[in-house]
Amino acid sequence: PNVQLGLGCDVAAVEPPAPGTWDADARLRVVLTPASAAAGCELPDSRVFDRVVVAAAAASVPLLAKADPLLGNHLVGIKGYGLSGAAGAPKVPPNQSGRGLHFMDKTRRFQAAYARSTEDLRVKVWGGNDVSATDVGAKPPYSFCGPDAAERIFRRGPACAGELMDIGTTERLAGMRPVPSIGGSPLIKKYTGAWGNLFLNTGYGYNGYDLAWF
């Protein structure tokens, strides 16, 4: 089959078929934001699909507000922050690049942090545990944490995190982990009626949305 990938596409809405066409073959319309073209998305602004699978992590809540208005009661966004080394940052030895480290501090001086190597062998560290229970808070883009939180999560954390804080080229990142109310397990749904060709594949707790593709 022909597969076309749309990269850098910001989805604004998923729309159901027009009334009276709610049969098994009714297709769903995906609408992109005007900013998608500027981001390099090569798909049209609006397009219909036979099936739509939403794997948008915590952002699935505002995206599916019409199809599943109660989704926010079952999927909470846990915001995390990251530091990614760039030019001037220490490099990870190639023979150690396949490892990931999870730092835990029982004295609670800092929150848990996970470190691994980037593709170009720089250090990347993640941490944070901020809960967002609102649709607005779950909608990207996400902003980096404030100075106090950065001090707690990174400066008081592992040495590699504190070192990245002092390097001007360090990239500061933020993301939202999708955590279901039932715990760190997948939230997989098939909708009915006008949304009969819509599927949800998200959740997976602190594993983020990476596992939603497997």
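Attention in this report is confined to the structure presented alongside it. Sequence order sets the numbering: in each chain, residues are counted from 1 along the sequence as written. Whole-chain, interface and lining totals are the exception, using all residues; otherwise, since this is a predicted model, local features are given only for residues with pLDDT of at least 70 and side-chain atom pairs are given and counted only at 80 or more. Water and hydrogen atoms were dropped before computing side-chain values, which therefore reflect all heavy atoms in the structure.

Comments concerning the side chain of Ser60
Thought 1: Relative to the helices and strands, Ser60 is located in helix 2 (residues 60-63).
Thought 2: Here a residue-residue contact requires only that any non-hydrogen atoms of the pair lie within 4.5 Å. Not counting residues up to four positions away in its chain, the partners in contact with Ser60 are Val54, Ala55, Leu71, Leu200 and Thr202. Secondary structure elements follow DSSP: runs of H or I of four or more residues count as helices, runs of E of two or more count as strands, with numbering from the N terminus.

Here we look at a nonpolar patch on the surface
Thought 1: Residues enter patches when they are more than 30% accessible in relative terms and free of salt bridges; like-charged ones are connected within 9 Å and nonpolar ones (Val, Leu, Ile, Met, Phe, Trp, Tyr) within 5 Å. Note on areas: Shrake-Rupley with a 1.4 Å probe; residue coverage comes only from the protein chains shown. The salt bridge definition used is simple: a Lys or Arg side-chain nitrogen within 4 Å of an Asp or Glu carboxyl oxygen. Among the surface-exposed residues, Val3, Leu5 and Leu7 lie close enough to one another that they form a single nonpolar patch of about 370 Å² accessible area.
Thought 2: The residue Leu7 is located in the segment before strand 1 (11-15) in this model.
Thought 3: Relative accessibility decides the category of a residue: with a 1.4 Å probe and only protein chains considered, values under 20% of the type maximum give buried, values over 50% give exposed, and everything between is partly exposed. Given a relative accessible area of 63%, Leu7 falls into the exposed group.

Points about the nonpolar core
A general tendency of soluble globular proteins is for nonpolar side chains to be buried together.
Thought 1: If you look at the biggest cluster of nonpolar residues, it comprises 20 residues, and the most contacted ones within it are Val54, Leu64, Leu71, Trp195, Leu198 and Leu200.
Thought 2: Looking at this core, the elements with two or more residues in it are strand 2 (28-32), strand 4 (52-54), helix 2 and strand 11 (198-203).
Thought 3: Broken down by element, this core gets its largest block of residues, three residues, from strand 2.
Thought 4: Those residues in contact with Trp195, other than ones at most four positions away along the chain, are Val14, Glu15, Pro16, Leu28, Lys66 and Ala67.
Thought 5: Residue types Ala, Val, Leu, Ile, Met, Phe, Trp, Tyr and Cys, when buried and joined through side-chain atoms within 4.5 Å, form a set referred to as a nonpolar core. One finds Tyr81, Ala89, Val92 and Ala113 within the second-largest nonpolar core, a separate group that totals 17 residues.

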